[in-house]
Amino acid sequence: MGSRAEAYRPVITSIDQKYPGMMNTTCAAEILELTDDDSKVSKMIKALTVNGETYLPGGITWGWNMLTPDSPLTSALPLADLQKKGGKKVMVLMTDGANTLAPTTVNAGPHGSITSGKYKNTTYTNDLTATLCQNVKADNIEVYTVLFEVKDATIENLLRNCATDPSK
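Residues numbered from 1 in each chain as written. Predicted model: local features only at pLDDT ≥ 70, side-chain atom pairs only at ≥ 80, totals over all residues. Heavy atoms only, no water.

A. Spatial organisation of the packing of helix α2 (residues 56-66) against helix α4 (residues 122-138). Closest axis-to-axis distance for the α2/α4 pair is 9 Å, and the angle between their directions is 15 degrees. Comparing the axis directions of α2 and α4 gives the class roughly parallel. The hand of the α2/α4 crossing is left-handed. Contacts from Leu56, Pro57, Ile60, Thr61 and Trp64 in α2 reach Thr125, Leu128, Thr129, Leu132, Cys133, Asn135 and Val136 in α4. Here the contact of α2 with α4 is composed, by residue class, of 8 nonpolar, 4 polar and no charged. (Axes fitted to C-alpha atoms, helices over the stretch in contact; angles between N-to-C directions. Helix = DSSP H or I, 4+ residues; strand = E, 2+ residues; numbered from the N terminus. Parallel < 35°, antiparallel > 145°, perpendicular 65-115°, else oblique. Left-handed = near helix turned anticlockwise from the far one by under 90°. Contact = heavy atoms within 4.5 Å. Nonpolar A, V, L, I, M, F, W, Y, C, P; charged D, E, K, R; others polar.)

B. Expanded view of the pattern of salt bridges. All told, the structure shown has 3 salt bridges when counted by the stated rule. Between Glu142 and Lys88 there is a salt bridge, with its nearest N and O atoms 3.2 Å apart. One end of the pair, Glu142, is in strand β2 (residues 141-147); the other, Lys88, is in the loop between α3 (79-84) and β1 (89-95), with 54 residues separating them in the sequence. Residue Glu142 is classed as buried on the basis of its relative accessible area, which comes to 15%. With its nearest N and O atoms 3.8 Å apart, the salt bridge here joins Lys168 to Glu142. Taken together, the residues Lys168 in the segment after α5 (153-162) and Glu142 in strand β2 connect sequence positions 26 residues apart. (Salt bridge = Lys/Arg side-chain N within 4 Å of Asp/Glu carboxyl O. Buried < 20%, exposed > 50% of the residue type's maximum accessible area, 1.4 Å probe, protein only.)

In C-alpha cells form, the structure reads like this:
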C-alpha cells in the first residue's frame, strides 16, 4: 500500500508501476471520466467539499492521466486525433491550500502530515509538484491554475510557475 515508487511519481509511464494501493485512508468521490454532459460535470463540481489535507501531486497525476488515452482512464483522444478536430488538451488545477501531505511508501511510513523523514517535508512535495507540472506541459497540455483563499507565497509562486504562462 502507498504511493508509486519514487522513480515513477513524476511520470505516467510504466502501467505496472502506476498505483500500488490507496493514497490515503479516506476516499473522495469517484473520478468523472471526460464527458460532454454538462449536467454530470455541474453535479460533480457542486458536490466538491473541503475535507482534510492537501497533496497536489495526486491531483496533478490523476488530471494528467485523465488527458491521456492510456489506462487506467481511457476516454481521452490521442493528441493527434484531438488536434485534427481543432481541440487541445487543457488541465485546470484548483486548490484551496498548500501541500500539507507527503507520499506514502512502505518504507517511509504512512501518508500523513509533513513532519519528518525523507518524504515528509514541504520541499520534497513542492519539488514533486513542480516536476509534475513541467512534465504535464511537456506532454502538450495547457495548464491553468486557480487558488482559492490561499495565503502562502510559496504555493502561489509554485502554481504560477505550474501554469503554462503567468496569465493562466
